[in-house]
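# Geometric and topological summary
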Amino acid sequence: MIGFHAYRQIVPGVGGGEAVKQSVSRPDVREMLAAIGASLAWHGALSIDYLMRDDGSPPLLIDCNPRLVEPMSAYLAGTDLLSLLLRLSQGVTPSALPESRDGVRTHLAMQALLGCAARGGTRRDLVREGWRLLRGSAPYAASREELTPVKSDWLSAVPLALTTGLLLAAPRSADVLARGGFGAHLLDIDSVRRIESTEFG
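Before going into details, it helps to say that this report is about the structure given with it. The shown structure was predicted, so the numbers you read here are calculated from the model rather than taken from an experiment.

### Digging into the overall build of the protein chain
- Of regular secondary structure, the protein chain possesses eight helices and six strands.
- Seen in sequence order, the protein chain has helices and strands lined up from the N terminus as β-β-α-β-β-α-α-β-α-α-β-α-α-α.
- With the principal axes as the frame, the protein chain shows a C-alpha extent of 50 × 45 × 40 Å.
- When each of the 201 residues of the protein chain is scored for burial, the buried share is 34%.
- Long-range contacts, defined here as pairs at least 24 residues apart, represent 58% of the contacts in the protein chain between residues at least 6 apart.

### Notes on a nonpolar patch on the surface
- Among the surface-exposed residues, Trp154, Leu155, Val158 and Leu162 lie close enough to one another that they form a single nonpolar patch of about 470 Å² accessible area.
- Inspection of the secondary structure assignment puts Trp154 in the loop between strand S6 (143–145) and helix H6 (157–169).

### Section: the nonpolar core
- Formed by 18 residues in total, the largest nonpolar core has its most connected members in Leu113, Leu126, Leu133 and Leu167.
- In terms of residues, this core owes the most to one element, helix H4 (residues 109–118), which gives seven residues.
- Setting aside chain neighbours within four positions, we find Leu113 in contact with Leu126, Glu129, Gly130, Leu133, Leu160, Thr164 and Leu167.
- Among the nonpolar cores identified, the runner-up in size contains eight residues, and Val24, Leu33, Leu46 and Ile48 belong to it.

### A closer look at unusual backbone geometry
- Omega for the peptide link from Ala138 to Pro139 comes to 5°, which places this bond in the cis form.
- Relative to the elements of secondary structure, Pro139 occurs in the loop between helix H5 (123–135) and S6.
- Phi at Glu70 is positive, roughly 55°, even though this residue is not glycine.
- Relative to the elements of secondary structure, Glu70 occurs in the loop between strand S4 (60–65) and helix H2 (71–76).
- On the basis of relative accessibility, which here comes to 19%, the residue Glu70 falls in the buried class.
- A positive phi angle, close to 55°, is found at Ala142, a residue other than glycine.

### Thoughts on the environment of Pro171
- Tracing the backbone shows Pro171 in the loop between H6 and helix H7 (174–179).
- C-alpha separation for the pair Pro171 and Thr122, spaced 49 residues apart in sequence, amounts to 6.4 Å.
- Contacts of Pro171, omitting those with residues within four sequence positions, involve Ala117, Gly121, Thr122, Arg123 and Leu126.

### A closer look at the pattern of salt bridges
- Under the counting rule described, the total for this entry stands at four salt bridges.
- Here Lys21 ties to Glu70 by a salt bridge, and the two come within 2.8 Å at their closest N and O atoms. With a gap of 49 residues between them, Lys21 in strand S2 (residues 18–23) and Glu70 in the loop between S4 and H2 connect regions that are remote in the sequence. Neither residue differs from the other here; Lys21 and Glu70 are each classed as buried.
- Residue Glu129 pairs with Arg132 through a salt bridge whose shortest N-O separation is 2.5 Å. Of this pair, Glu129 and Arg132 both sit in helix H5, three residues apart, which is roughly one turn of the helix.
- Note on Arg132: relative accessible area 26%, which makes it partly exposed.
- A cluster of three or more residues bridged by salt bridges with shared partners is formed by Lys21, Glu70 and Glu146.

### Here we look at the sheet that holds S6
- Judged by pairing direction, the sheet is mixed, and its four strands sit side by side in the order S1-S2-S5-S6 without closing on themselves. Both edges of this open sheet fall to strand S1 (7–12) and S6, since each of them pairs with a single strand only. Neighbour-to-neighbour, the strand axes of this sheet turn through a mean angle of 30°, independent of strand direction.
- Bridge count for S2 against strand S5 (residues 105–107) is three bridges, and the pairing is antiparallel. Along S5, the bridge assignment pairs Lys21 with Thr106.

### Looking at H6
- Under the 1.5 Å per step criterion, the end-to-end length of H6 is 18 Å for 13 residues, consistent within 8% with the ideal 18 Å.
- Along H6, the positions that sit buried rather than exposed are Leu160, Thr163 and Leu167. Take H6 and look down its axis: the buried residues cluster within an arc of 65°, on one side only. For H6, the exposed residues set more than 90 degrees away from the buried face come down to Ala161, Leu162 and Ala169.
- Those residues of H6 that are buried are in contact with H4, H5 and H7.

Cut-offs and rules
- Residues numbered from 1 in each chain as written.
- Predicted model: local features only at pLDDT ≥ 70, side-chain atom pairs only at ≥ 80, totals over all residues.
- Heavy atoms only, no water.
- Helix = DSSP H or I, 4+ residues; strand = E, 2+ residues; numbered from the N terminus.
- Buried < 20%, exposed > 50% of the residue type's maximum accessible area, 1.4 Å probe, protein only.
- Contact = heavy atoms within 4.5 Å.
- Patch = residues over 30% accessible without salt bridge, like charges linked within 9 Å, V, L, I, M, F, W, Y side chains within 5 Å.
- Areas by Shrake-Rupley, 256 points an atom, 1.4 Å probe, with all protein chains shown as cover.
- Salt bridge = Lys/Arg side-chain N within 4 Å of Asp/Glu carboxyl O.
- Core = buried A, V, L, I, M, F, W, Y, C linked by side-chain atoms within 4.5 Å.
- Pairing = 2+ DSSP bridges.
- Axes fitted to C-alpha atoms, helices over the stretch in contact; angles between N-to-C directions.
- Expected span 1.5 Å × (residues − 1).
- Arc of directions from axis to C-beta.

Note that every value here comes from positions in space, so none of it alone points to a role or purpose.
Here's what the structure looks like:
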């Protein structure tokens, strides 16, 4: 394994996503992921979701995907997984990267607002959450925006403003808005059966 990044959810967003996350050191998860990769003779990105209790019991792996996830969280914590993957795709074998810094907090403003609305938030709650985001107060203190960093990329204000406007017009639309961003690419049972059939390909 030549690159690794782990984080924990601090504040949930919508659809199981994170509104606020913090990078963490997880040597046990790294070992598990390395073992999975070695067993598969894997050459590329691999991501896992896991659950960890606070009682010191081992992590429970619940999902594994052959793709790069959370590259901005990793980048802001000092690990450029995207460049690493691009170099691998060009046939280069790069040197291993150091582990990402522990304790780097990042957030996604759109996930925060969608999550607030999806949990039954009113327009007043959405305005309050937006104000916290603007001021950088808890839970966004010392946190950096991943997806819509308006100060350095003013065009990213467009999707953020549209999402905010739609949520203020109809807070209950959060689940519908979120469903438009994920789900269609996921395999259902019929797709799995088709792939497993002898007629596939």
